[in-house]
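# Chains, contacts and geometry: an overview
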Amino acid sequence: MKICIDAGHNHSGFDTGATANGLKEQDITFRIALLLQEKLEKAGVNTVMTRKTNTENLGSSVSTSIARRVAISNKNNCDYFVSLHCNAGGGTGTEVLVYKKGGKATQLAEKILTSLTTLLPLQNRGIKEANLGVLRDTDCPAVLVETAFLDHPADAALLQQKEDVFANAVFRGILEYANIPFTPPTDDIKTFLAEKWNLSHPEEVFRLLDTHPYRDTLYQKIYESY
Ligand SMILES: [Zn+2]
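Residues numbered from 1 in each chain as written. Predicted model: local features only at pLDDT ≥ 70, side-chain atom pairs only at ≥ 80, totals over all residues.

### Observations concerning the overall build of the chain
Within the chain one finds nine helices and eight strands. In terms of overall dimensions, the chain is globule-like: its C-alpha atoms have a radius of gyration of 18 Å, near the 17 Å expected for 226 residues. The C-alpha extent of the chain, read off along each of the three principal axes, is 55 × 35 × 30 Å. Evaluated residue by residue, the chain yields a buried proportion of 37% over its 226 residues. Partitioning the contacts of the chain with sequence separation of at least 6, the portion at a separation of at least 24 is 76%. (Helix = DSSP H or I, 4+ residues; strand = E, 2+ residues; numbered from the N terminus. Rg over C-alpha atoms; globule rule 2.2 N^0.38 Å. Buried ≥ 20, exposed ≤ 12 C-beta atoms within 10 Å, placed from the backbone. Contact = placed C-beta atoms within 7 Å.)

### So, the packing of helix H1 (residues 25–42) against helix H6 (residues 163–178)
When two helices pack together, their arrangement is given by the angle between the helix axes and by the axis-to-axis distance. Contact pair H1 / H6: the axes reach a minimum separation of 8 Å and the direction vectors enclose 50 degrees. For the element pair H1 / H6, the angle class is oblique. Note that H1 runs across H6; the crossing there is right-handed. Between H1 and H6, the residues in contact are Ile28, Arg31, Ile32, Leu35, Leu36, Lys39 and Leu40 and Glu163, Asp164, Phe166, Ala167, Asn168, Val170, Phe171 and Ile174, respectively. Tallied by class, residues from the contact of H1 with H6 come to 10 nonpolar, one polar and four charged. (Axes fitted to C-alpha atoms, helices over the stretch in contact; angles between N-to-C directions. Parallel < 35°, antiparallel > 145°, perpendicular 65-115°, else oblique. Left-handed = near helix turned anticlockwise from the far one by under 90°. Nonpolar A, V, L, I, M, F, W, Y, C, P; charged D, E, K, R; others polar.)

### Quick word on the sheet that holds strand E8 (residues 142–149)
Reading across the sheet, the six strands line up as E4-E1-E5-E8-E6-E7 and stay open at both edges, with mixed pairing between neighbours. In the strand order of this sheet, the two ends are held by strand E4 (46–49) and strand E7 (124–129), each with one partner. Averaged over neighbouring strand pairs, the angle between their axes works out to 20 degrees when direction is ignored. Relative to the sheet, H1 contacts strand E1 (2–7), E4, strand E5 (80–87) and E8, its axis offset from that of E5 by approximately 145 degrees. (Pairing = 2+ DSSP bridges.)

### Side note on unusual backbone geometry
Despite not being glycine, His9 shows a phi value in the positive range, around 75 degrees. Within the secondary structure, His9 sits in the loop between E1 and strand E2 (19–20). Take His9: there are 27 C-beta atoms within 10 Å of it, and that puts it in the buried class. In this model, Asn21 sits at a positive phi of 50 degrees, which is unusual for a non-glycine residue. Within the secondary structure, Asn21 sits in the loop between E2 and strand E3 (23–24). You can call Asn21 partly exposed: it has 14 C-beta atoms within 10 Å.

### Here's the deal with the pairing of E5
Buried residues dominate E5, accounting for eight of its eight residues. Residues Tyr80, Val82, Leu84 and Cys86 line one face of E5 and the alternating positions Phe81, Ser83, His85 and Asn87 line the opposite face, and both faces are buried. Looking at chain direction, E1 and E5 are connected through five bridges and run parallel. Counted as the bridge partner of Ile3 is Tyr80 from E5.

### Overview of the environment of Ile66
Tracing the chain through its elements places Ile66 in helix H2 (residues 62–75). Along the primary structure Ile66 and Val134 are separated by 68 residues, whereas in three dimensions their C-alpha atoms are 6.3 Å apart. In contact with Ile66, not counting residues within four places along its chain, are Gly133 and Val134.

### Section: the nonpolar core
One finds Ile3, Val82, Val96, Ile112, Val143 and Val170 to be the most contacted residues of the largest nonpolar core, which totals 50 residues. The element contributing the most residues to this core is helix H3 (residues 104–119), with seven residues. With sequence-adjacent residues up to four places away left out, Val170 is seen in contact with Leu36, Val82, Ile112 and Val145. (Core = buried A, V, L, I, M, F, W, Y, C linked by C-beta atoms within 7 Å.)

Structure follows, in C-alpha cells:
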C-alpha cells in the first residue's frame, strides 16, 4: 500500500495557510506529515510526501500548488491521498472532508475521525463533502483532515503540544481501515501513556509494569484500549 501524505499549504508566498495564536498552519501540517510518514514507514506502509521539506513551495500559484499535489499522487500511483490541514474561522473540533460520501474515502475518513476524537479531546464535526482539487482530481480515494481550529485557543494548544498524537491518530485510523496489525515498540507506548495519563513520575509506573510477567501483552492491551 502506498499513501500520499500532503502537508497542506506552502511555506511562503502563495497558497500559505491560516495563521493564529502565533501558529502557522503550513508548519503544523508539515510536522504532523513528517511524524505520520515515520510511523507509516515503520509499519511497512510506503509513503510519498507532496512537500518534502518545510521550506519547499509547490507550484507557482494557488491553483498550480493544488495541481502539483494531485500530480505527485497520480504520478506515483498512490493508493490513498491524505491531506493534512488546520481549520480556521471561528469553530472548534475536528472534521474530515471527502469529495463525495459513500466510497472508500468515506470509510477511511470515518476511521481517522474516530481515532482523532478518541485520542484527543476534540469535538467531532463529522465527515463533510467538499469540491476541492486535491479531493476531486486525485485518481485514488482522497481525504482531507481538518485536524483542529488554529484560531480556537484550546484547539490551538492541542495543535501546538500534541502534534505526535495527531499523527498517531491519523496513523491508527489508516491502519485500522487497511486492517494492518501493528504492535508499537514499548518505548512508544510508554511515551503515549505518560502523556495520556499525565504522569508526574512515569518511571515509577513503568518500573511496576516492566516487572509484570505479561509485560508486553499488558502494554499492548492498555494501548489498544485508547
Ligand atoms: Zn488549510
